[in-house]
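Residue-level structural notes
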Amino acid sequence: MTERMNPDRKRPVALVTGATSGIGRATAFKLASDGFLMLVHGRDDARGAETVKLIEADGGFAHFVRADLTNPEDVTRLAEQAGDAEVLVNNAGMSWFGPTADLDVSTFDRLFAGNVRASYQLVAALAPKMAARGIGSIISVDSMSGTVGLAGGAAYGATKAALSAMSRAWAAEFSPAGVRVNTVAPGPVFSEGASPARIEVLGSTTLLGRGAQVEEIAEVIAFLASPRASYITGARIPVDGGRTAV
Ligand SMILES: NC(=O)c1ccc[n+]([C@@H]2O[C@H](COP(=O)([O-])OP(=O)(O)OC[C@H]3O[C@@H](n4cnc5c(N)ncnc54)[C@H](OP(=O)(O)O)[C@@H]3O)[C@@H](O)[C@H]2O)c1
């Protein structure tokens, strides 16, 4: 975070990865309305600019930072831009569903690079600074695929389970110094990146009988980012309409 981006340092800074679309964008809107200066991350300049404009039109403050999370140098630059962020939301993720035999090695590696390694790099860069200041909240977006077996989702589900495993270890490492670390595990969510037909079908298998709207996931992430969740760390919170409860 440069002086130019946050001149008076009055606002706490929150970085949301993948904030140009879907759950990430809804989370960025919510955190901006909760008073954070938003670092809106994504790859697409036009969607980034549009997201910043919408936050500003609502009275919030935001900057767009472009980085491809599968590229470790880009992630290092993103972490430098995030500087003294008080909140990190590891939301960006790519998914791949299909027959296991059809997943090529380079796509498998990209899934793990973008979904797992990038989050690890960001936490490694930002969490020690949060710990030194004695305050911070890190939320990573898991998925119901991290705990239930969905046909065709072995690699994607493994990336999500890895995020929750890392988050429990990060809670053990950083929470004694005041940094809370949690994951949110959505069920099917109607987002720009998800096929509506697939979300309809998966939604019908939940106890509530429907898929979620992005705001229903953002609400829980924003709660975990806030002092209202001051005694929650090391937790994985399903937001899945009861899909994994029974
Ligand atoms: N939708 C669901 O049903 C569902 C369910 C459970 C969990 N989740 C998880 O929730 C998170 C958000 O999902 P969503 O459906 O809201 O996603 P989405 O609408 O497809 O948006 C994905 C976001 O991540 C960014 N992104 C993807 N790959 C990236 C990469 N390699 N480098 C940089 N940015 C990248 C995109 O940036 P650009 O558009 O700028 O490229 C975009 O902002 C993901 O982690 C997903 O696994 C989703």
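For the structure given in this document, a descriptive report is provided here. This is a predicted model, so every value here is computed, not measured. (Residues numbered from 1 in each chain as written. Predicted model: local features only at pLDDT ≥ 70, side-chain atom pairs only at ≥ 80, totals over all residues. Heavy atoms only, no water.)

1. So, the packing of helix α3 (residues 72-82) against helix α4 (residues 105-133)
For the record, the criterion: Axis lines are fitted to C-alpha atoms, over the contacting stretch for helices. Their N-to-C directions set the angle, which ranges from 0 to 180 degrees. Secondary structure elements follow DSSP: runs of H or I no shorter than four residues count as helices, runs of E no shorter than two count as strands, and numbering proceeds from the N terminus. For any pair of crossing helices, the crossing counts as left-handed if the nearer helix is rotated counterclockwise from the farther one by less than a right angle, and right-handed if it is rotated clockwise. The contact rule is simple, with two residues in contact once any of their heavy atoms fall within 4.5 Å. Following the grouping adopted for this structure description, the nonpolar residues are Ala, Val, Leu, Ile, Met, Phe, Trp, Tyr, Cys and Pro, the charged ones are Asp, Glu, Lys and Arg, and the polar ones are all others, Gly among them.
In contact at an axis separation of 9 Å, α3 and α4 are set at 35° when each is read in the N-to-C sense. Handedness of the crossing formed by α3 with α4: right-handed. Of α4, the residues touching α3 (which contributes P72, V75, T76, L78, A79 and A82) are R117, A118, Q121, L122, A125 and L126. When the residues that make up the contact of α3 with α4 are grouped by side-chain class, the tally is 9 nonpolar, 2 polar and 1 charged.

2. Regarding the packing of aromatic side chains
Quick reminder of the rule: Classification of ring pairs rests on two measures: the distance between centres of Phe, Tyr or Trp rings, Trp counted by its six-membered ring, which must be within 6.5 Å, and the angle between planes, read as stacked under 30 degrees, edge-to-face over 60 and tilted in between. Partly exposed describes any residue whose relative accessible area lies between the buried limit of under 20% and the exposed limit of over 50%, with all areas from a 1.4 Å probe on protein chains only and scaled to the type maximum. Charge-over-ring placement is defined geometrically: NZ (Lys) or CZ (Arg) within 6 Å of the ring centre, and within 35 degrees of the ring normal.
The full count for this structure, using the stated rule, is 3 aromatic pairs. Ring centres of F108 and F112 lie 4.9 Å apart, and the angle between their planes is 25°; this geometry places the pair in the stacked category. One end of the pair, F108, and the other, F112, are both in helix α4, 4 residues apart, so they sit about a helical turn from each other. Given a relative accessible area of 23%, F112 falls into the partly exposed group. R198 extends its terminal NZ or CZ atom over the ring of F97, reaching a point 4.2 Å from the ring centre.

3. Notes on the site of the ligand
Keep this limit in mind: Proximity is defined per residue: any heavy atom of the residue falling within 4 Å of a molecule or strand makes that residue near it. In the analysis that follows, any N or O atom pair within 3.5 Å is treated as a polar contact, provided that within protein one partner can donate a hydrogen and the other can accept it, and provided that, for residues neighboring in sequence, both atoms belong to side chains. Here the accessible surface of atoms and residues is derived via Shrake-Rupley with a 1.4 Å probe, and residues count as covered only by protein chains that are part of the display.
Around the ligand sit 32 residues in total, of which S21, R47, N91, Y156 and S191 are the nearest. In this structure, an oxygen atom belonging to the ligand sits 2.7 Å away from a side-chain N or O atom of R43. At 2.8 Å, a backbone N or O of L69 approaches a nitrogen atom of the ligand. Considering the ligand on its own, with 900 Å² of exposed area, one finds that the protein chains cover 90% of that surface.

4. Here we look at the pattern of salt bridges
Using the following cut-off: Here a salt bridge means any side-chain nitrogen of Lys or Arg lying within 4 Å of a carboxyl oxygen belonging to Asp or Glu.
Under the criterion given, the structure shown has 8 salt bridges. Note that D84 is salt-bridged to R133, the shortest N-O span being 3.4 Å. With D84 in the loop between α3 and β4 (87-90) and R133 in helix α4, the pair connects residues that are 49 residues apart, well separated along the chain. Among the residues examined, R133 registers a relative accessible area of 36% and is labelled partly exposed.

5. Brief notes about the pairing of strand β3 (residues 61-66)
Rule in force here: Strand pairing follows a simple DSSP-based rule, namely that at least 2 bridges must link the two strands. Look down the strands so they point away from you; if going from the first strand over the helix to the second traces a clockwise path, that crossover is right-handed.
Note that strand β2 (residues 37-42) and β3 share 6 bridges and pair parallel. Residue pairing in the sheet places H41 in a bridge with V65 of β3. Taken together, β2, helix α2 (residues 45-57) and β3 constitute a β-α-β crossover, and its handedness is right-handed.

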